[in-house]
Amino acid sequence: MFSFFKKKPTPDADNGSVFTEVGFADLAPKTAPAPVVAPAPAAPEPVVPVIHEPLAPAPEVSPSSSTLEVLAPVAAPEPLAPVAAPAAPVPQPMPVPEQAAPVAAPPAPAPEVAAPAPRAGWLQRLRDGLRKTGSSLASVFSRTKIDDALFEELEEALLMADAGVKATEFLLETLKQRVREARCTEPQAVKGLLIEVLTELLLPLERSLEVGRHNPTVMMVVGVNGAGKTTSIGKLTRHLLEAEQKVLMAAADTFRAAAREQLAVWAQRADGSGVQAQGAGWVDIVSQQGGDPAAVTFDAVNAGRARGCDVVIADTAGRLPTQLHLMEELKKIKRVITKAQPDAPHEVLLVVDGNTGQNALTQVRAFDDALGLTGLIVTKLDGTAKGGVLAAIARERPIPVYFIGVGEKLEDLQTFSAREFAQALLS
Ligand SMILES: Nc1nc2c(ncn2[C@@H]2O[C@H](COP(=O)(O)OP(=O)(O)OP(=O)(O)O)[C@@H](O)[C@H]2O)c(=O)[nH]1
């Protein structure tokens with residue numbers, strides 16, 4: 001199911017490739033927590049490395065048999081509301097997720113403790129999240145016959161699911177043709193064909209993020225306020241660490257006091273995972289409170305090169321595409337990354353909140369026009385997301401969806417599968 005690739009320049013005897021692949025699922029649960037080894041302080045002068053600070057460990061809030069649960073995020077800060085286009089380009093306040101206070105352990109175990117309920121699988125969470133739309137799409141096929149009314153109802157349901165006019169037209173046209181070819185007589189068979197057509201439409205979005213081709217691989221992560229950038233970076237970093245990657249994070253959101261701390265919390269979670277006991281992975285953070293985001297990123301890339309990092313990830317401040325001066329700031333960050341490493345950035349990732357519907361497509365267009373996106377992370381598909389917007393993105397701006405977010409826990413960052421998504425949408 002997982003297809004997140006780590007590529008390292010080691011010979012692969014089987015296929016002659018110099019790369020190896022590692023999937024999330026290949027990573028064994030860690031049992032021996034050990035601190036992440038701080039990298040050798042060989043950084044250039046202006047870099048301010050943040051060695052993992054003794055942040056309070058996150059309390060366990062969700063019962064589960066999964067060993068990954070120990071790494072679960074602390075009680076979640078309130079997700080931010082989707083951002084609508086503002087009337088004027090005024091910088092938005094940066095909300096700061098709060099870390100829950102550790103909960104004191106009970107004095108003695110209760111005599112009878114109910115067995116913890118198994119945590120819903122991520123696919124179920126995706127299904128649950130898309131249920132509202134899914135059920136209205138699926139209900140179209142409970143009709144008794146295939147007629148114009150069925151297609152009209154389907155058109156309405158697709159539009160309601162945020163698929164947008166172009167993708168809806170394409171899906172309906174292709175579906176009608178397939179129905180004719182297959183000589184379908186049962187509405188349920190039409191549903192099966194729609195899953196096929198939708199899967200084909202979404203397939204170009206299904207791509208793997210590659211790491212290891214460049215030294216370091218430099219990623220720049222952008223998006224509107226509260227889309228889930230820092231959370232997604234944290235989850236991604238955790239997976240990179242498990243794959244024994246050396247990761248340097250640049251806290252390029254220099255005006256939000258807690259930006260560095262938020263990243264550090266994730267770094268510390270990685271620390272507590274025992275990853276270090278498995279190999280050579282580590283994480284460090286470059287930050288400069290109140291500094292120039294481009295300068296911090298420039299230093300981070302240089303430090304990443306000097307320290308032999310595998311991956312440098314720049315976490316930028318949230319902004320609306322209509323805030324033109326802030327979009328210029330992003331362009332500047334991208335330019336200075338190229339100055340520090342001529343072939344970088346290798347990835348410009350937009351994090352979009354799946355709940356924002358067609359607004360997500362607007363964001364994709366705007367950030368792509370400004371920066372040339374290489375990939376998307378679509379978050380909060382466990383919420384009230386309608387999901388159809390991915391069809392709109394596939395039709396109008398087919399940028400790979402490297403990951404989807406289906407919750408706030410580490411394991412809720414998943415690779416995108418076109419078929420699974422189409423099935424979940426119509427389940
Ligand atoms: N339910 C759910 N919540 C998520 C997901 N991803 C992120 N969140 C939550 O969304 C909120 C905002 O996440 P952040 O990572 O702080 O967002 P951000 O884009 O870095 O925010 P700014 O830096 O302020 O722009 C937090 O409460 C996260 O826990 C997801 O996939 N599902």
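These figures come from a predicted structure and were not determined experimentally. (Residues numbered from 1 in each chain as written. Predicted model: local features only at pLDDT ≥ 70, side-chain atom pairs only at ≥ 80, totals over all residues. Heavy atoms only, no water.)

Considerations on a negative patch on the surface
Then step 1. Side chains of Asp 148, Glu 152, Glu 155, Glu 156, Glu 169 and Glu 173 sit close together on the surface and give a patch of like negative charge.
Then step 2. Looking at the negative patch, the elements with two or more residues in it are α2 (148-160) and α3 (164-182).
Then step 3. Of the residues forming the negative patch, the biggest block, four residues, is contributed by α2.
Then step 4. Overall, Glu 169 belongs to the partly exposed group, its relative accessible area being 48%. (Patch = residues over 30% accessible without salt bridge, like charges linked within 9 Å, V, L, I, M, F, W, Y side chains within 5 Å. Areas by Shrake-Rupley, 256 points an atom, 1.4 Å probe, with all protein chains shown as cover. Salt bridge = Lys/Arg side-chain N within 4 Å of Asp/Glu carboxyl O. Lys, Arg positive; Asp, Glu negative; His and termini not counted. Charge placed at Lys NZ, Arg CZ, Asp CG, Glu CD. Helix = DSSP H or I, 4+ residues; strand = E, 2+ residues; numbered from the N terminus. Buried < 20%, exposed > 50% of the residue type's maximum accessible area, 1.4 Å probe, protein only.)

Thoughts on the environment of Ser 139
Then step 1. Looking at the secondary structure, you find Ser 139 in helix α1 (residues 122-139).
Then step 2. Assessed through its relative accessible area of 33%, Ser 139 is described here as partly exposed.
Then step 3. Along the backbone, Ser 139 and Leu 154 are 15 residues apart, and their C-alpha atoms lie at a distance of 9.2 Å.

Considerations on helix α8 (residues 293-306)
Then step 1. Along its 14 residues, α8 runs 20 Å from first to last C-alpha, staying within 8% of the 20 Å computed at 1.5 Å per residue.
Then step 2. Here α8 has its buried residues at Pro 293, Ala 294, Val 296, Thr 297, Asp 299, Ala 300, Val 301, Ala 303 and Gly 304.
Then step 3. Taken together, the buried residues of α8 touch β4 (217-222), β5 (246-251), β6 (282-286), β7 (311-315) and α9 (324-340).
Then step 4. Within two residues after α8, Gly 308 carries a phi angle of roughly 70 degrees, on the positive side. (Expected span 1.5 Å × (residues − 1). Contact = heavy atoms within 4.5 Å.)

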